[in-house]
Protein chains: 2
Amino acid sequence: MSWEDKIRKVEPYVAGEQPREKNIIKLNTNECPYPPAPGVQAAVEQLAEDSSFLRLYPDMDATPLVEALAAQYGVDPDRIFVGVGSDDVLALCFLTFFTAATREAPLLFPDITYSFYDVWADLYRIPYRAVPLREDFSIDPADYLPAQGAENSGIIFPNPNAPTGLELAPAEVERIIAGNPDSIVIVDEAYVDFGGQTALPLLEKYDNLLVVQTFSKSRAMAGARVGFAIGSKKLIGYLKDVKFSFNSYTMNLPAIRIGTAAALDTAWFEETTGKIAATRERFKAQIRALGFEFPDSRSNFVFARHPAFGGAELQKALRARGIIVRHFEKPRIADYLRITIGTDEQMDAVVKALQEILAEKA
Amino acid sequence: MSWEDKIRKVEPYVAGEQPREKNIIKLNTNECPYPPAPGVQAAVEQLAEDSSFLRLYPDMDATPLVEALAAQYGVDPDRIFVGVGSDDVLALCFLTFFTAATREAPLLFPDITYSFYDVWADLYRIPYRAVPLREDFSIDPADYLPAQGAENSGIIFPNPNAPTGLELAPAEVERIIAGNPDSIVIVDEAYVDFGGQTALPLLEKYDNLLVVQTFSKSRAMAGARVGFAIGSKKLIGYLKDVKFSFNSYTMNLPAIRIGTAAALDTAWFEETTGKIAATRERFKAQIRALGFEFPDSRSNFVFARHPAFGGAELQKALRARGIIVRHFEKPRIADYLRITIGTDEQMDAVVKALQEILAEKA
């Protein structure tokens, strides 16, 4: 066997384009249109006072960040795990919690969902089954219940779901968790902070639940790479063991310091997420008037299609007008565009561009 | 099977203590005693000018950092992989290159070596064999040759080795690589910059070689988490596929910016590593005079024992005097201490403390 035969070969996840041009309206990777909390600016300035701290290894437990999150969410620090964005947290979760899956009892997640799930499953050779969403893109909890034939070794879904933006109601989320006492259920709440309802209160009742969130969207910190999970002390302990078997120091000192500042600024957080949710509702009304159809998003994006256009066609037309949105060339959703919610001004520019494109077509 | 039975259980690596007390001489984790390059301070100040960049995802290819390394080492950028410290790079290497190992053809590494290797092997359930060093702690290349019975599916060793500090000569390194055309050989050069000889020139002849280095020691950037690998375009391509199947954005924006600044400042790098190597030689002479024995380290630490003391005993005596060094309670090396090379002043303080401890014992 040659050395090349011994290599683990995988098909990686492809993230949204990060354009280098200026004067682009970038609505393709669900970033926050506003700068981070004022405390973050202060924390970066403090870093600049003396860079000699960089010579030492960072706090491997990211203690101040964990303590800030513990205070904000009212849980013990030993129930919190932090990582390099929620992708890092989720990648370690797949390795920790899902590698015992089998073909008979696979990992379950929706067929239309975050496109990284099947990539992680392939990376770790985890057997999985993609469970079709209903016609209206909603999750049917019954599809995830072993009592109804859905044998599994683990479950993960985003709530709100990506890229549909649709939320599963807390009682439905609980039905999935309660119906799977022998599986770990991960609720990926990357988009929960824009008016969604978190599963965190369910942690009091279920020790097989893990809730994952991120600073990339609602805290305007995609560039810092901060994500976290909250679960039972036992689950978090196992996750930490795997993390400390992978890399002792995943979060660098700048990430810990500015992440802590971001976590502490709850006023900025409430105001900014509220502002984005309001812009979303405004944008929904504007594009509905143009004939667009979309699931009722609770996230910081809208997943929309227009009867007169294919998704790729519309994406291209917007790109020509300096607006970047995300399109997935996949079954069931090829007609849709995922449009991140920016500022009111940016969304007005999108609406104006869409009006022009529709007028040209007519 | 309960959810707990489905979890991957591992015994994590335990990194050296990061004390919170002040006035400690910290020589236990091989950090650089000097602050990072002046360009790094400038880069952190530039970050502080406007933290709004944090709202966007970072460049997932860390392009400026890769290009700075490419220029410094004279290789194409597509032969360079960067990560969150060399531990991140190595963890991904184990997953990419070594999971095809079997009991009959295991992964090979020295019995006395970086303590993370067996942890990564356990994490990914990789069969391995720890190959005993010679009595003098040197590596015998013959022990790694399939032609001499050492069937394997991959090889990794640090050069200089950790925690011994001993260097394997380039011709001996080449003997291992040349004798294993069907295995990937990783030379972990975390400690090569203090007078050691790199295997990088061998990359022109061998496409199964990967060289891994870090910014944590010789560039005073342990707190920033920057490491890298250089290899054939093919090896780097496979490694990137796995990385992008794990987390698109592992390096945050501050790490990319300050890492780039550190990579560009070659004058600081030459001066600082030279200074540390000089202090090491001075320290060797001082402790030899006190009766210590040690392999001839080419790294930024010395691995030493004294006939009159056990390692744990001596570590404790130094700790009582405010000096922290590393001790491994392991077979063959329990009598040794790994002492990081600090400034001349710090090493003089260590020598003074050792003199006192020896005098008390006498």
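Residues numbered from 1 in each chain as written. Chains lettered and ligands numbered in written order. Predicted model: local features only at pLDDT ≥ 70, side-chain atom pairs only at ≥ 80, totals over all residues. Heavy atoms only, no water.

Trainee: Explain the sheet that holds strand β6 (residues 185-188) of chain B to me, and be specific about the residues and the numbers.
Mentor: Residues and elements named next belong to chain B. Pairing is mixed in the open sheet, where seven strands are placed in the order β2-β8-β7-β6-β5-β3-β4. Looking along the sheet, the strands with just one partner apiece sit at the ends: β2 (80-83) and β4 (128-131). Each strand axis lies, on average, 20 degrees off the axis of its neighbour in the sheet, ignoring direction. Of the strand pairs in this sheet, β2 and strand β8 (residues 227-231) are connected by four bridges, and their pairing is antiparallel. (Pairing = 2+ DSSP bridges. Helix = DSSP H or I, 4+ residues; strand = E, 2+ residues; numbered from the N terminus. Axes fitted to C-alpha atoms, helices over the stretch in contact; angles between N-to-C directions.)

Trainee: Would you mind going over the confidence of the model for chain A in detail, with residue names and values included?
Mentor: Averaged over every residue, the pLDDT of chain A is 96; the share at 70 or more is 100%. For this predicted complex, the interface score ipTM comes out at 0.96, alongside a pTM of 0.97. (pLDDT = per-residue confidence, 0-100.)

Trainee: Give a description of the pattern of salt bridges that names residues and reports values.
Mentor: Where charged atoms of side chains with opposite charge meet at close range, the side chains can pair. Counted by the stated rule, this structure contains 41 salt bridges over all chains. A:D296 is the partner of A:R298 in a salt bridge, and the nearest nitrogen-oxygen pair spans 3.7 Å. Taking the relative accessible area as the measure of exposure, A:R298 reaches 26% and is therefore partly exposed. Measuring nitrogen to oxygen at the nearest pair gives 2.9 Å for the salt bridge that ties B:E17 to B:R319. Of the two residues, B:E17 is situated in the segment before β1 (25-27) and B:R319 in helix α9 (residues 311-320); the sequence distance between them amounts to 302 residues. What emerges from the salt-bridge pattern is a single network uniting A:R280, A:E281, A:K284, A:D296 and A:R298. (Salt bridge = Lys/Arg side-chain N within 4 Å of Asp/Glu carboxyl O. Buried < 20%, exposed > 50% of the residue type's maximum accessible area, 1.4 Å probe, protein only.)

Trainee: Any details on helix α7 (residues 253-264) of chain B? Residues and values, ideally.
Mentor: Residues spaced three or four apart along an α-helix face the same direction, because each turn holds 3.6 residues. With 12 residues, α7(B) should reach 16 Å at 1.5 Å per residue; the first-to-last C-alpha distance of 17 Å fits that figure. Among the 12 residues that make up α7(B), 10 are buried, leaving the element largely enclosed by the rest of the structure. If you check which residues of α7(B) are buried, you get B:L253, B:P254, B:A255, B:I256, B:I258, B:G259, B:T260, B:A261, B:A262 and B:A263. Check the buried side of α7(B) and you find it contacts α7 (253-264) of chain A together with α1 (38-49), α2 (63-73) and α8 (266-289) of chain B. One side-chain oxygen of the residue at the start of α7(B) lies 3.0 Å from the amide nitrogen of B:A255, identifying that residue as B:N252. (Expected span 1.5 Å × (residues − 1). Contact = heavy atoms within 4.5 Å. Polar contact = N/O pair within 3.5 Å; in protein donor to acceptor, adjacent residues only side chain to side chain.)

Trainee: With reference to specific residues and values, describe the relation of the copies chain B and chain A.
Mentor: For the pair chain B and chain A, the best superposition has an RMSD of 0.0 Å and corresponds to a rotation of 180 degrees with a translation of 0.0 Å parallel to the axis. These values place the two chain copies in the arrangement generated by a two-fold rotation axis. Most of the interface of chain B is mirrored in chain A: 99% of its interface residues are interface residues there too. (Least-squares fit on C-alpha atoms with pLDDT ≥ 70 in both.)

Trainee: Talk me through the sheet that holds strand β8 (residues 227-231) of chain A; I want residue IDs and the actual numbers.
Mentor: Consider a sheet: its strands pair through backbone hydrogen bonds, and that pairing is either parallel or antiparallel. Residues and elements named next belong to chain A. In spatial order, the strands read β2-β8-β7-β6-β5-β3-β4; together these seven strands make up an open sheet with mixed pairing. Only two strands of the sheet have a single neighbouring strand rather than two, namely β2 (80-83) and β4 (128-131). The average undirected angle you get between the axes of adjacent strands in this sheet is 20 degrees. Along the sheet, helix α3 (residues 85-97) makes contact with β2, β3 (107-110), β5 (154-158), β6 (185-188), β7 (209-214) and β8, crossing β7 at roughly 155 degrees.

Trainee: Describe the packing of aromatic side chains, naming the residues involved and giving the relevant values.
Mentor: Tallied over the entire structure, the rule returns 39 aromatic pairs over all chains. Ring geometry for A:F303 and A:Y336: centres 4.7 Å apart, planes at 10 degrees, overall stacked. Highlighted residues: A:F303 in strand β9 (residues 301-304) and A:Y336 in the loop between β10 (323-325) and β11 (337-340), separated in sequence by 33 residues. For A:F303, a relative accessible area of 0% gives the class buried. Aromatic side chains B:Y114 and B:Y117 sit 5.7 Å apart centroid to centroid with 80 degrees between the ring planes, which places their arrangement in the edge-to-face category. One exposure class covers both B:Y114 and B:Y117, and it is buried. Through a chain of ring-to-ring contacts, three or more aromatic side chains come together here, namely A:Y13, A:F94, A:F98, A:F109, A:Y114, A:F116, A:Y117, A:W120 and A:Y128. (Phe/Tyr/Trp six-rings, centres within 6.5 Å; stacked < 30°, edge-to-face > 60°.)

Trainee: Mind laying out the interface of chain B and chain A, listing which residues take part and the relevant values?
Mentor: If you look at the interface, chain B gives 91 residues, while chain A gives 90 residues. Both sides of the chain B and chain A interface together cover about 7,400 Å² of buried area, and 58% of this is carbon and sulfur. Its largest share of buried area at the contact with chain A, chain B owes to B:W3, B:Y57 and B:F246, together 12% of the area lost on that side. Across the chain B-chain A interface, the total number found is two salt bridges. Here B:K234 and A:E4 are joined by a salt bridge, their closest N and O atoms 3.0 Å apart. The tally of links between chain B and chain A comes to 49 residue pairs in polar contact (both at pLDDT 80 or more). Among the elements of the structure, α1, α3 (85-97), α4 (117-123), α6 (233-243) and α7 of chain B are those that each provide at least two residues to the side of chain B that touches chain A. Among the residues forming the side of chain B that touches chain A, the class breakdown is 49 nonpolar, 21 polar and 21 charged. (Buried area = accessible area lost by both parts, 1.4 Å probe. Nonpolar A, V, L, I, M, F, W, Y, C, P; charged D, E, K, R; others polar.)

Trainee: Describe the environment of B:W3, listing the residues and the values that go with them.
Mentor: With respect to the element layout, B:W3 can be found in the segment before β1. Those residues within four positions of B:W3 in sequence are excluded, and the remaining contacts are A:P181, A:D182, A:S183, A:I184, A:D207, A:N208, A:K234 and A:L235.

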